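# Structural overview for review
One letter stands for each residue in the lines below.
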Amino acid sequence: MVRRTKEEAFETRQRIIDAAQQCFHEKGVSRASLTDIAQAAGVTRGAIYWHFQDKADLLDALFERIHMPLAALSEATRNPEEPHPLELFRELLTEVFRRVESDPTNRQVHEIIFLKCEYTDEPCGPKKHLQAMRQEHDNQLLTTLRLAVARGELPVDLDMELALLCVHSFIVGVINQWLMVPTRISLSARAGDVAAAVLDMLKLSPAMRTGDAAP
């Protein structure tokens, strides 16, 4: 009985996440209400509050949905024992770009993030939520870059702050531009080339250097 109750709770939670994805994508995050989501999921508003605090919490569940398949690879890029963290980071970026086009759920969630969100300063709104996520991603990327420097895969005088800004701007810019005009190129087919371009920027750009390398 307990097991069945847990299964039912899990199924209800998944239905709510599915409904939130549908409503956010159709109406936008600000215009989609919890009532809309409850009706689409076939549950009460109370059932939503049992599983989620607010729409920002639902957005978090959608982020987790597209990030979970890549969690192990992402963690591997930050493993202190990993001999080639930058190579794994290239694989990770390739998969990130490839899935935006090839995975319908991934694409839809990215469309919600980039095209269906109003980034207001309201408490617990998407802007504050995404800012917190961006900081977390910065911390993770910083660990990967430092490991890559320690393994000799990146220059020792890499400007870390500039690298963080440029890498995230590159990734966000590529995904956003492709979503706006998906007929321009096949992002799935060119995912490896795009990922390689990010690493070339880190390895080869003189502007990415602090000039503090030892002689």
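A brief structural summary. (Residues numbered from 1 in each chain as written. Predicted model: local features only at pLDDT ≥ 70, side-chain atom pairs only at ≥ 80, totals over all residues. Heavy atoms only, no water.)

Before going further, it helps to spend a moment on the pattern of salt bridges. The tally for this structure, following the rule as stated, stands at eight salt bridges. A salt bridge links Arg107 to Glu111; its shortest N-O distance comes to 3.4 Å. Note that Arg107 and Glu111 are positioned in helix H7 (residues 104–115) at a spacing of four residues, about one turn of the helix. We classify Arg107 as partly exposed; its relative accessible area is 26%. Arg190 is the partner of Asp193 in a salt bridge, and the nearest nitrogen-oxygen pair spans 2.7 Å. Overlapping salt bridges bring together Glu95, Arg98 and Arg99 as one network. (Salt bridge = Lys/Arg side-chain N within 4 Å of Asp/Glu carboxyl O. Helix = DSSP H or I, 4+ residues; strand = E, 2+ residues; numbered from the N terminus. Buried < 20%, exposed > 50% of the residue type's maximum accessible area, 1.4 Å probe, protein only.)

Below, the discussion takes up the packing of helix H4 (residues 55–67) against H7. When two helices pack together, their arrangement is given by the angle between the helix axes and the distance between those axes. One can describe the packing of H4 onto H7 by two numbers: an axis separation of 10 Å at closest approach and a directional angle of 140°. In terms of axis orientation, H4 runs oblique to H7. The two elements H4 and H7 cross, and the hand of that crossing is left-handed. When H4 is examined against H7, the residues Leu59, Leu62, Phe63, Arg65 and Ile66 are found in contact with a partner set consisting of Thr105, Asn106, Val109, His110, Ile112 and Ile113. (Axes fitted to C-alpha atoms, helices over the stretch in contact; angles between N-to-C directions. Parallel < 35°, antiparallel > 145°, perpendicular 65-115°, else oblique. Left-handed = near helix turned anticlockwise from the far one by under 90°. Contact = heavy atoms within 4.5 Å.)

The next point concerns the nonpolar core. Formed by 30 residues in total, the largest nonpolar core has its most connected members in Phe89, Phe97, Leu145, Leu154 and Leu202. Looking at this core, the elements that each hand over two or more residues are helix H6 (85–102), helix H8 (126–150), helix H9 (160–180) and helix H10 (191–204). Here this core takes eight residues from H9, the largest share from any one element. In this structure Phe89 touches Thr77, Leu141, Thr144, Val167 and Leu199, once residues within four positions along its chain are discounted. Listed in part, the 28 residues of the second largest apolar core include Ile17, Ala19, Ile66 and Cys117. (Core = buried A, V, L, I, M, F, W, Y, C linked by side-chain atoms within 4.5 Å.)

On the surface, Leu115, Met180 and Val181 cluster together to form a nonpolar patch covering roughly 250 Å² of accessible area. You can see Met180 is positioned in helix H9. (Patch = residues over 30% accessible without salt bridge, like charges linked within 9 Å, V, L, I, M, F, W, Y side chains within 5 Å. Areas by Shrake-Rupley, 256 points an atom, 1.4 Å probe, with all protein chains shown as cover.)

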